[in-house]
Structure formats: C-alpha cells, structure tokens
Amino acid sequence: MGRRRSEKKIAGVVTLLVLSSAFVFRRDPFVAHVLVQASLLALISLAWNILGGGCGQISFGHAAFFGTGAYVSAILTTQYHLNPWLGIAGACVSVVFLSLLVGVPSFRLKGAYFALLILAYAHVLKLVALNLEITKGDEGIFSIPSFGRYSFGGMEVNFFTSKGANLFLILLFLIAGLWTGIWMRGSQTGIAMEAVREDEVTAEAMGIDTLRYKLFALGVSAFFTALGGAFYVHYIHFLTPDSAYSGYWSLMPIVAALFGGIRTVTGPVVGAFTLVCLDEFLIKELLPRGDKLVYGLLFVVTILFFPRGILGTWVERQGHGRKKEG
Amino acid sequence: MSFSLLANSIASGLLMGANYALFAVGLSLVFGVLKIINLAHGELLLAGAYVGYFAIRGMGVPLPLALLFSGLSVGIVGYLYYFVVRRIRDDELNTLILTYGVGVILTNLFLLLFTADERIINIPWLTEGVWLGPVQVNRGNLVSGLVSLLIIGGLTFFLARTETGKMIRASSMDREAAALVGVDVERIDRFAFVLGCALAGFAGPLFGIVSHINPVGGEAVTINAFILTVLAGLGSIPGLLLAGIILGLGEAIIVVFASTMFQGIFALALFVAVLFLRPEGIFGRRE
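All of these numbers come straight from a predicted model, not from anything done at the bench.

Undergrad: Got a minute to help me understand the pairing of strand β1 (residues 129-132) of chain B in this structure?
TA: Residue and element names in this part refer to chain B. Looking at chain direction, β1 and strand β2 (residues 135-138) are connected through four bridges and run antiparallel. Counterpart to Trp131 in the pairing with β2 is Gln136. Hairpin connection between β1 and β2: a loop of two residues separates the two successive antiparallel strands, and Gly133 in this loop has a positive phi of roughly 60 degrees.

Shown next as structure tokens:
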C-alpha cells in the first residue's frame, strides 16, 4: 500500500512542477517549444509504459499508433474540413480500432509475438502512407490547421501564434494520461495487469482473463498515443510519412520509460523531461551528428545495470529506508 | 500479360525465397536453442554486408573469401554480444529490450560511419542474366540462392548427424534434461548464439548482392526473418526453406499484378494469418 501512496505523491509533485514551469516559460517561444516536445514525448512514453511496464507487453512500434493518429486527424481536418477537436476524436477512435488489429492476432499466444507484429505494422503503415493518394504520398500534407482562436472574457488564447497555449494543451493531455495511469494501477484492473506481467500462466490459472486485460492496456496505450500524434500534427502543421512513422516515436518512448523507471507510473514522464532537456541543451551541442547513438548506449546501459530506472531506484530506496525505521 | 513475364517472376520468386531462408537462418537457430529473439539480427546481417562491400569493392577480395571473412568478423562481434546478453538472459522481457537496443546502436554506428547512402555490391559477372531452360534469371540471385540451399542443407546435416548438432537439438528440446544427461548447456548456448550471428554475417554480402544495403534496413530483415521462423515452426531449419519460398513467391507474383505497397502488405498478412491459423508453424508441433 505504501508504494501506491508514494506513487500518488510523486505524481502530484510532478504535476505541479510541469504546470509551474509552463507558467514561468509560457512567453519564451524557445523554452516553451522544448517543453512541448518534452511533454509530447512524456505522454507517448507514459502510454507506452501502461502497456509495457504495467502489463509486460513490449511494443517496438508505437510509431504505428502515433503516425496513424497524426494522419487521421490531418486528413479529417484538411480534406473533410472538420474542426481539429473532431479530428483528434476521430484519430483516437480509429487508432484504438487499429490496436485491436494488432492485439487480437498476437495476444492469444504467449511470447513476444506482439512485439514483432507491431514492428511489422509500423513498417507497413509507413509504406501505405507513402503510396496512398489520400495521404499525398511522400510529398506529405501541408497547411494543417491549428486549434484556432478563442477568447474567454478578456483573455485571448491563440493556438496559431502562441507556443504557450499549445504547451498548456499538451500538458492537459499529459496530466490526464498521468492520472489515468495512477488510477489504473490502483484499481482491480491494474492489479490484474500486474499479474499478467509477472506470470501469465499463473494469472490465467487464477481465473484472470489475460487476453481481456492485455487488450484493455493496449487500447488505453493506443488512445493516448493517438492523442499525442494528433496534437503533434496541429502543432507542427505539416506531415510526411517519414515524420509520422519516424523511428523516433518507437524508440524514444522506450528509452524515456526505461530511464525513468518502467515499474512506476510517473517514471516515463521524469525520463522524458530529463532526456529532452539533456538533448536540447547538451547532447545536440556536443554531438551534432549521431546523437541517437547516445540513446542506444544509454538504453543498453540502463537495461543492463539499472533496469529499474532513476525513479524506480529512488522509490525503492525510500521504501527500504522506511522499513528500517519501522 | 505475357506468359514469360509471369514465368520469370516465379523463377526469381523461388530463388528469392531461398535467399530469404538464408537471411533468416541465424535468427531461427538462436530462437530455437536459446529462446531469445535476437532483434539485432538484421543489423548484424547488415554489418556483414558492409564488411563484404568494403572487402569486395575496396580490396578486390573474391566473393567466397568475402563471405567467410564477413561470417568470421560478425561471429566475433556475436561472441562479445553473447556475454552482454548472458548477464540478464533470465529476464525474458529485459533480454528482448536489450537486443533491440543493440540493434539501435548498430544502426546508428552505420549511419555515423557509412552515411545514409544506399549501397549495392556490384560484381559485374553476377549482374548478367542467365537462361534456365525457358526462363531468364539474374545470376546474382541464382548464385546466392544456391549458396543458401548449400548452407541450409549443411546446417540440417550438421544438426542431424554430428555430436555437437545432436547436443544442440537436445538442448533446444529440453534444456534441463539435456544438462542431466551430461550436455554442457552453457557451452551449447554460446556455440549456437555465435553460430547464429556468424550465419547472419555470412549472409550479409549475399544480401548486398540481391538487395540494397541501407543503414536503417536492419529492422525489415529482422521482421522477415521472424515471420519465416514462426511460419516454419520453432527451430525447424528445413522448414525455413519452404516458408521462404512462400514469402518469395507470393511477393514476386503480387508485384506482377499490383504495386510494391501490396508486397509489404503481403508479408504482414502472412504473419497475421500464421498467428491465427497455425501459430506452431508448418513443421512445428502443437504443444
């Protein structure tokens, strides 16, 4: 029980930290842009981890969900002239449906079939986006609308010009994801998912419908990933198959989650903010080419020497300290 | 559509199928014996392709020697790689993640060292067409298809008849029982892992002859290799040949009637179909 309470406390502190940093830097376009990137990666990483850390199903192709979410919203808003909010909703619904196409064939079997199948989907979807007319092939889709302009009383919010407005929006999504994760972990569903992660055969023997919980975790993960993808496309305003299905969206969520700690809910958020800030202010300065090599090395060192990640190791130390005191 | 076009593509599809089997054999061996999916398999194959490319193009090494050289150098990399994997192999999920990370490191090393350019190993006498009765095929495809048959055949013989081969099969069927009857399973694991990596390296230059060497192309090789491994049935080496031919023939016929997009979709559809219809593979046994 102690661990769950400390998880809530950490999530609370992180929520306050990101919100206050957004408030401080909302008028600085460069820092706000870096924070948007960090929050976006944090959201995808958190979503990845609901499935990976929470349920033990490792995805090497979350770019499939991210890119499809981005394309659906882009197509709905540019070719069917829907409102971006409806575009986002459409993206989430279709990506959750897509996730069933990955989960249903592979989750009935035990083993790493899911990990490989989603990798194959990410490849094929990029190929499809390159060849279809509706996605405009390798030229990509341009002039994708922003979330528009609103005024509340005397205050005006313009998503087209203000990085700060977009920052608060992605933070809203991130915080929604974070607390969904915290709520899931504390619930019956989260406990069942944990059982599936630890030992699928035993979980099944105890009467847990493992297929159902794996699909549920996948659906939630796909939902938040699509949310991130659709946000991205209305923030950047253009989309190509390379940017939508970029290996970045498959690799970096895993690196961030591992680095932060896959056994915690908040770990991926901490990992993503640390990595993006390190990347912007340090690694890109030192290594203009091949900065991904650093992530590969970081990835392998983390999994070999501290597989619990920074937050996971910290939470564990806290736990041990308290036990000794008591 | 002319008959000869279809006949030619069926012939090259058959040969490509044999090649696919060779590109998959390392992954299948490691998966069968150690139950580890080596997600860096494609990247190791590309490493062999780069070694072969520079040996053949830069130093004029003849092809057979280049194949052995690539196999040997990737085998040495595999030996070091094995000691990293062994540290955490009890944890199945972490091992899977680790092999993915090794693939990422290799891909980015290729990008740093060799840039993003696509390369092809161009050996003049291999690019010509040859007539096989009524059909014409590319000599490179033919040579590499024959080498593939040789390797698959040799490996099958090795596993069936030799002492070490029998120990490998015993260890892959039941590790504990094999250890009880005196098989040094640790040594067998190491041997199979290094052999699997060396086979990937050996196949590399042939991959560079029949296809493009692209620094980020490793993932696609790994996916195809895994699809064939599942289709063939866990650890079935001869089954790989049939699985490879199903994929190669299917793709070749689809390209005649439709676009390259559907070629990619075919591999995915095959994967999903196998998971639904026969997850134990064509030659596998239901557990």
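Undergrad: How do you make sense of the packing of helix α5 (residues 113-131) of chain A against helix α10 (residues 218-232) of chain B when you look at a structure like this?
TA: Two measures define how a pair of helices packs: the angle their axes make with one another and the distance between the axes. Put simply, α5(A) and α10(B) touch, their axes get as near as 10 Å, and they point 130 degrees apart. Classified by the interaxial angle, the pair formed by α5(A) and α10(B) is oblique. As α5(A) packs across α10(B), the resulting crossing turns out to be left-handed. Residue-level inspection shows A:Tyr113, A:Leu116, A:Leu119, A:Ala120 and A:His123 of α5(A) in contact with α10(B), the latter providing B:Glu219, B:Ala220, B:Ile223, B:Phe226 and B:Val230.

Undergrad: How should the interface of chain A and chain B be read in this particular structure?
TA: The extent of an interface is frequently quoted as the accessible surface area lost upon association of the parts. Listed as interface residues are 38 residues of chain A and, on the opposing side, 35 residues of chain B. The junction of chain A with chain B conceals about 3,500 Å² of combined surface from both sides, 83% of it contributed by carbon and sulfur atoms. Sorting the residues of chain A by area buried against chain B places A:Leu116, A:Leu293 and A:Leu304 first, and these three jointly supply 17% of that buried surface. Remark: the boundary between chain A and chain B carries zero salt bridges.

Undergrad: So what exactly am I meant to see when it comes to the environment of A:Ser146 here?
TA: Assignment of secondary structure puts A:Ser146 in the loop between α5 and β1 (149-152). As for A:Ser146 and A:Glu198, which are separated by 52 residues in sequence, their C-alpha atoms are 43 Å apart.

Undergrad: When you look at the packing of helix α11 (residues 248-260) of chain A against helix α4 (residues 92-114) of chain B in this model, what are you seeing that I'm missing?
TA: Closest axis-to-axis distance for the α11(A)/α4(B) pair is 12 Å, and the angle between their directions is 125 degrees. Between α11(A) and α4(B), the crossing angle belongs to the class labelled oblique. Judged by the sense of rotation from one axis to the other, the crossing of α11(A) with α4(B) is left-handed. Where α11(A) abuts α4(B), its residues A:Ser250, A:Leu251, A:Ile254 and A:Leu258 lie against B:Ile97, B:Tyr100 and B:Val104. The residue inventory of the contact of α11(A) with α4(B), partitioned by class, reads six nonpolar, one polar and no charged.

Undergrad: In this structure, what is going on with the nonpolar core? I would like to understand it.
TA: Soluble globular proteins: nonpolar side chains tend toward being buried together. Ranked by internal contacts, the top residues of the largest apolar core, which has 208 residues, are A:Phe60, A:Phe231, A:Leu239 and B:Phe226. Of the residues forming this core, the biggest block, 17 residues, is contributed by helix α2 (residues 29-55) of chain A. If sequence neighbours within four positions are ignored, B:Phe226 has contacts with A:Tyr113, A:Leu116, B:Leu27, B:Phe31, B:Ile37 and B:Phe271. Judged by nonpolar contacts, the second largest core, of seven residues, contains B:Ala11, B:Leu15, B:Val130 and B:Val137.

Undergrad: Got a minute to help me understand the pattern of salt bridges in this structure?
TA: Residues and elements named next belong to chain A. For the structure shown, the criterion picks out nine salt bridges over all chains. Measuring nitrogen to oxygen at the nearest pair gives 3.7 Å for the salt bridge that ties Glu198 to Arg263. In this pair, Glu198 sits in helix α7 (residues 188-198) while Arg263 sits in the loop between α11 and α12 (267-286), placing the two residues 65 residues apart along the sequence. For Arg263, a relative accessible area of 35% corresponds to the partly exposed category. Of the charged contacts in the structure, one is a salt bridge between Glu200 and Lys214, with a shortest N-O distance of 2.7 Å. Separated by 14 residues along the polypeptide, Glu200 in helix α8 (residues 200-205) and Lys214 in helix α9 (residues 210-236) bring together distant segments of the chain. Comparing Glu200 with Lys214 shows no difference in burial state: the two are buried.

Undergrad: I keep staring at the packing of aromatic side chains and nothing clicks. Help me out?
TA: The way to describe two aromatic rings as a pair is by their centre distance and the angle between their planes. Here the structure, examined in full by the defined rule, presents 30 aromatic pairs over all chains. With centroids separated by 4.8 Å and ring planes inclined at 80 degrees, the aromatic side chains of A:Tyr248 and A:Trp249 adopt a geometry described as edge-to-face. Where B:Phe158 meets B:Phe191, the ring centres are 6.2 Å apart and the plane angle is 40 degrees; that geometry is what we call tilted. Taken as a pair, B:Phe158 in helix α6 (residues 139-161) and B:Phe191 in helix α9 (residues 185-210) lie far apart in primary sequence, 33 residues in all. Aromatic rings pair up to connect A:Trp85, A:Phe147, A:Tyr150, A:Phe159, A:Phe231 and A:Tyr235 into one cluster. A:Arg26 extends its terminal NZ or CZ atom over the ring of A:Phe23, reaching a point 4.4 Å from the ring centre. Geometry around A:Tyr213 places A:Arg212 over its ring, the cationic atom sitting 5.2 Å from the centre.

Rules used throughout
Throughout this description, residue numbers start from 1 for each chain and increase along the sequence as written. To label them, take the chains in the order written and letter them from A, then take the ligands in the order written and number them from 1. Residue-level local features of this predicted model are given only where pLDDT is at least 70; pairs of side-chain atoms are given and counted only at 80 or more, and the full residue set underlies all totals for whole chains, interfaces and linings. Hydrogens and water are ignored here; the side-chain numbers use all heavy atoms of the structure. Should DSSP find at least two bridges between two strands, the strands are regarded as paired. Helix numbers and strand numbers start at the N terminus; a helix is a DSSP run of H or I with at least 4 residues, a strand a run of E with at least 2. The angle between two axes is taken between their N-to-C directions and runs from 0 to 180 degrees, where each axis is a line fitted to C-alpha atoms and a helix contributes only its stretch in contact. Our angle categories are set so that under 35 degrees counts as roughly parallel, over 145 as roughly antiparallel, 65 to 115 as roughly perpendicular, and the remainder as oblique. With the far helix as reference, a near helix turned anticlockwise by less than a right angle produces a left-handed crossing, and one turned clockwise produces a right-handed crossing. Should any heavy atoms of two residues lie within 4.5 Å, those residues are counted as being in contact. As a working definition, buried area equals the accessible area (1.4 Å probe) given up by two parts on being put together, with both sides summed. Salt bridge criterion: a side-chain nitrogen from Lys or Arg within 4 Å of a carboxyl oxygen from Asp or Glu. Ten residue types, Ala, Val, Leu, Ile, Met, Phe, Trp, Tyr, Cys and Pro, are classed as nonpolar, four, Asp, Glu, Lys and Arg, as charged, and the remainder, Gly among them, as polar. Grouping buried Ala, Val, Leu, Ile, Met, Phe, Trp, Tyr and Cys residues that are joined through side-chain atoms within 4.5 Å yields what is termed a nonpolar core. Only protein chains enter the accessibility calculation, which uses a 1.4 Å probe; a residue whose area is less than 20% of its type maximum is buried, one above 50% is exposed, and one in between is partly exposed. Each aromatic pair joins two rings of Phe, Tyr and Trp (for Trp, the six-membered one) with centres within 6.5 Å, and gets the label stacked for planes under 30 degrees apart, edge-to-face for over 60, and tilted for any other angle. Counting as a charge over the ring demands two things of the Lys NZ or Arg CZ atom: a distance within 6 Å of the ring centre and an angle within 35 degrees of the ring normal.

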